[in-house]
Amino acid sequence: MTKFSKRVKTLVLGLMTVSTVMATSAGASAATKTTAHIEPVQSTVTLDQRPVAQVEFNRIHLRRTSTKQIAQQVQTTVDASALNLDQQHRQQFLK
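Reference entry: report on the structure contained in this document. As the structure is a prediction and not an experimental result, all values here were calculated from the model.

### Section: the overall build of the protein chain
Logical step 1: In terms of helices and strands, the protein chain carries two helices and zero strands.
Logical step 2: Considering the protein chain as a whole, with its 95 residues, one finds that 0% of them fall into the buried category.
Logical step 3: In the structure as shown, the protein chain presents an accessible area of about 10,600 Å², 60% of it carried by carbon and sulfur atoms.

### Notes on the pattern of salt bridges
Logical step 1: On inspection of all chains with the given rule, the structure shows one salt bridge.
Logical step 2: Where R90 meets D86, a salt bridge forms, and the shortest distance between an N and an O atom there is 3.3 Å. Of this pair, R90 and D86 both sit in helix α2 (residues 67–94), four residues apart, which is roughly one turn of the helix.

### Thoughts on a nonpolar patch on the surface
Logical step 1: Taken together, the side chains of F4, V8, V12, L13 and M16 make up a nonpolar region of the molecular surface, amounting to roughly 490 Å² of accessible area.
Logical step 2: Relative to the helices and strands, L13 is located in helix α1 (residues 2–32).
Logical step 3: A relative accessible area of 53% places L13 in the exposed class.

Cut-offs and rules
Residues numbered from 1 in each chain as written. Predicted model: local features only at pLDDT ≥ 70, side-chain atom pairs only at ≥ 80, totals over all residues. Heavy atoms only, no water. Helix = DSSP H or I, 4+ residues; strand = E, 2+ residues; numbered from the N terminus. Buried < 20%, exposed > 50% of the residue type's maximum accessible area, 1.4 Å probe, protein only. Areas by Shrake-Rupley, 256 points an atom, 1.4 Å probe, with all protein chains shown as cover. Salt bridge = Lys/Arg side-chain N within 4 Å of Asp/Glu carboxyl O. Patch = residues over 30% accessible without salt bridge, like charges linked within 9 Å, V, L, I, M, F, W, Y side chains within 5 Å.

So, to be careful, I would describe these as geometric facts and stop short of saying anything about function.
Structure follows, in structure tokens:
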């Protein structure tokens with residue numbers, strides 16, 4: 001049985017190799033074939049007349065903050081999110 005399976009594997013691998021080589025050679029020959037001469041296409045590009053946009057600069061004033069203030073804001077947001085999830089869970093549980 002092992003001899004048979006080895007032969008089948010060898011046969012399948014051989015067939016795969018042959019089909020790969022044939023497909024590769026067919027692709028290579030198709031890629032190297034010359035085609036009929038195609039005349040170049042004359043293309044024109046027209047752009048719409050658009051008004052030039054005005055650029056306005058805005059100043060952004062940032063206040064100085066400490067890492068403690070940022071940590072408190074993050075903790076407050078996390079607590080609010082947790083409370084919201086807890087309330088949603090309770091509402092779903094009560095339904």
